[in-house]
Amino acid sequence: MWHMILRGLLGLLFLGLAVSPGSAQSKLKGRTGGGAFFRIVVPTDWNGDLILFNHGLKLTVGPNPSLGPLSEIQLAEGFAVAASSFQQIGWALFKTKNDLQHLYSKFVSRFGTPNRVWVIGESLGGIVAAQVIEEASIGNVVAAYNYCGAVGGSRNWDIAIDLRLVYDAVCGEVPGAFIPGGAEGLPARSSLTDMDIAFAVNACTGVLTPPGLRTPEQTERLARILAETNIPVNFLVNDMVFATVVMSDLVHDRGKLGNIGTRNDTVTYDDPVIDATIERISPNPGAENRLERHYTPSGKIGKVKIVDIHTDKDGLVVVENESEYASTVPARNLTTAIVVEDVPTHCGFSDPEVVAGWESLRAWVGGAPQPTATSIQGMCQALSPVFPGPCRFDPNFIVPDMDTRVPPR
């Protein structure tokens with residue numbers, strides 16, 4: 001199977017198709033009735049299948065949504081590819097089901113009903129993919145491919161609220177480190193920028209300062225925060241932006257929660273000082289339920305085949321998302337493969353790693369046996385003549401339980 005796929009990809013490159021957007025004959029873009037921007041590309045020799053690509057979290061909405069890093073290969077393989085910008089910024093799960101249904105309707109009205117639908121999710125797009133598989137009406141969905149996906153859904157907000165309130169407990173009284181808002185993120189209509197947040201975090205921890213120039217107090221505070229939250233040091237600022245800016249949008253947008261939907265009132269923290277001093281939050285019941293519904297996977301996926309890949313040290317969308325998802329989805333429908341990296345990244349895959357996951361899924365849908373982490377690693381190595389880069393899937397990697405990363409609520 002690997003050699004057949006390899007020959008096919010070599011043929012595409014030889015013909016210039018895998019790197020040439022000119023192979024696409026029909027293009028359509030615009031806005032849906034819901035207001036989201038969309039983009040559709042159908043190749044000359046359309047195979048009858050449609051791929052819906054779902055992008056990661058964004059704080060702005062604009063035209064020309066990305067079709068994803070695999071789109072040129074997929075178009076050359078005969079797939080039509082489409083994407084929506086989503087109506088909402090940030091945690092967009094409150095309207096993404098409608099966004100994808102609008103996009104699918106646009107496709108059908110112009111090009112006809114596809115034979116099969118494939119769903120791809122990157123980062124936030126992973127939980128979007130999980131949601132649309134389970135709840136949206138988008139035709140004959142046969143497969144999904146997620147990489148670095150937030151497939152644990154609303155559980156990711158447990159990580160965010162812990163970080164934010166741990167930060168306040170450790171840094172709230174440090175000159176220059178105070179960030180307003182607490183559990184609601186930033187106050188509504190706050191003028192603080194991402195840079196302001198970075199400066200505040202650095203004032204407390206020295207995280208943006210060379211280690212040798214940090215004060216002993218900064219070093220101690222940084223160590224306490226990292227130990228309690230299990231966040232890689234190079235992700236601390238980015239994660240604080242998520243826990244403040246994106247949390248604020250989630251809480252204050254009445255099209256989302258309109259109130260605090262997270263909690264830590266039942267959590268026991270490892271650091272006794274933090275545990276004794278941290279602010280305790282109980283959620284608004286309606287907001288808590290609304291966050292749970294938008295979205296926590298149910299595992300009701302029918303016969304859809306899913307391949308998920310993740311990096312082991314991801315500090316933004318933690319690898320434990322995969323164990324959370326695997327606890328709901330039948331093992332016969334889900335293959336998970338983990339890349340072990342030297343330095344923590346978010347979506348830091350090599351080209352052959354991403355292609356190997358996709359081609360493994362394509363072979364599975366085509367009748368091959370369900371792939372494993374071992375076979376995906378082998379596929380990656382077989383693709384190295386076409387797509388240079390490392391192949392780091394570890395078949396022996398066991399994804400930790402989410403409860404070992406963040407205390408359950």
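Before reading further, recall that the structure is shown in the block above.
The structure presented is a predicted model; accordingly, all values stated were derived computationally and were not measured. (Residues numbered from 1 in each chain as written. Predicted model: local features only at pLDDT ≥ 70, side-chain atom pairs only at ≥ 80, totals over all residues. Heavy atoms only, no water.)

**Q** Explain the nonpolar core here, please?
**A** Within soluble globular proteins, side chains that are nonpolar generally end up buried alongside one another. Counting 85 residues, the largest nonpolar core has Trp91, Ile138, Trp157, Tyr167, Val201 and Ile306 as its most contacted members. Broken down by element, the residue count for this core peaks at eleven residues, all from helix α8 (residues 236-252). Aside from chain neighbours lying at most four places away, what touches Tyr167 is Gly172, Ala177, Ile179, Ala200, Val201, Cys204, Ile225 and Met240. The next biggest cluster of nonpolar side chains, apart from the first, holds 38 residues, and it includes Leu70, Tyr147, Ala356 and Val386. (Core = buried A, V, L, I, M, F, W, Y, C linked by side-chain atoms within 4.5 Å. Buried < 20%, exposed > 50% of the residue type's maximum accessible area, 1.4 Å probe, protein only. Helix = DSSP H or I, 4+ residues; strand = E, 2+ residues; numbered from the N terminus. Contact = heavy atoms within 4.5 Å.)

**Q** Looking at this model, I keep getting lost on the layout of surface pockets. Mind explaining?
**A** To find the voids left in a structure, one rolls a probe of water-molecule size over its atoms. The volume enclosed by the largest pocket comes to roughly 450 Å³. Lining the largest pocket are 25 residues, with Leu57, Asn238, Phe242, Leu316 and Val317 positioned closest to its centre. When residues of the lining of the largest pocket are traced back to their parent elements, those giving at least two are α5 (156-171) and α8. A per-element tally of the lining of the largest pocket places α8 first, with seven residues. Broken down by class, the residue content of the lining of the largest pocket amounts to 17 nonpolar, six polar and two charged. For the second largest pocket, the calculated volume is near 330 Å³. What lines the second largest pocket is a set of 18 residues, and nearest its centre among them are Ser154, Arg155, Asp158, Glu292 and Thr296. (1 Å grid on protein atoms, 1.4 Å probe; cavity = no way out; pocket = protein on both sides within 12 Å on 5 of 7 lines; lining within 4 Å. Points joined across faces, edges and corners; volume = space filled by probe spheres on them. Nonpolar A, V, L, I, M, F, W, Y, C, P; charged D, E, K, R; others polar.)

**Q** Any chance you could explain the pairing of strand β6 (residues 141-147) here in plain terms?
**A** Two faces make up the sheet, and in a regular strand the side chains alternate between them. Burial within β6 is extensive, with seven of its seven residues counted as buried. One ladder, built from six bridges, connects strand β5 (residues 116-122) with β6; its direction is parallel. Bridge pairing in β6 places Trp118 opposite Ala143. Taken together, β5, helix α4 (residues 124-135) and β6 form a β-α-β motif whose crossover is right-handed. Summarising the sheet, β6 and strand β7 (residues 305-311) pair through five bridges and their orientation is parallel. Across the sheet, the residue bridging to Ala144 is Ile306, located in β7. (Pairing = 2+ DSSP bridges. Right-handed = clockwise from strand over helix to strand, strands pointing away.)

**Q** Just to check I follow, could you spell out the state of the cysteines for this structure?
**A** Structurally, a disulfide amounts to a covalent bond that connects the sulfur atoms of two cysteines. This structure, assessed with the given rule, holds three disulfides. Covalently, Cys171 is tied to Cys204 through a disulfide, its sulfur atoms 2.0 Å apart. Its torsion about the S-S bond being -70 degrees, the disulfide of Cys171 and Cys204 is classed as left-handed. In this pair, Cys171 is assigned in helix α5 and Cys204 in helix α6 (residues 194-205), connecting sequence segments 33 residues apart. For Cys204, a relative accessible area of 0% translates into the label buried. Disulfide pairing places Cys380 opposite Cys391 at an S-S distance of 2.1 Å. Looking down the S-S bond of the Cys380 and Cys391 bridge, the torsion is -85 degrees, so its handedness is left-handed. Placement of the pair is Cys380 in helix α13 (residues 373-383) and Cys391 in the loop between α13 and α14 (402-405), with a sequence separation of eleven residues. (Disulfide = S-S within 2.5 Å.)

**Q** Even after reading the chapter, I still don't get empty space enclosed by the protein, so can you show me in this structure?
**A** Throughout the structure, instances matching the rule amount to one cavity of 30 Å³ or more. Quantified by volume, the largest cavity comes out at close to 50 Å³. Taken together, 13 residues line the largest cavity, and the ones lying closest to its centre are His55, Lys58, Phe86, Gln88 and Ile89. Of the residues contributing to the lining of the largest cavity, the split by class is six nonpolar, six polar and one charged.

**Q** Whenever I open this one, the packing of α5 against α8 confuses me. Can you help?
**A** Pairs of packed helices are described in terms of their axes, by the angle between the two and the distance that separates them. Here α5 crosses α8 at 105 degrees, and the two axes come no closer than 9 Å. In this view, α5 runs roughly perpendicular relative to α8, as classed from their interaxial angle. Contacts between α5 and α8 involve Trp157, Ala160, Ile161, Leu163, Arg164 and Tyr167 from the first element and Leu236, Asp239, Met240, Phe242, Ala243, Thr244, Val246, Met247 and Leu250 from the second. In terms of residue class, the contact of α5 with α8 is made up of twelve nonpolar, one polar and two charged. (Axes fitted to C-alpha atoms, helices over the stretch in contact; angles between N-to-C directions. Parallel < 35°, antiparallel > 145°, perpendicular 65-115°, else oblique.)

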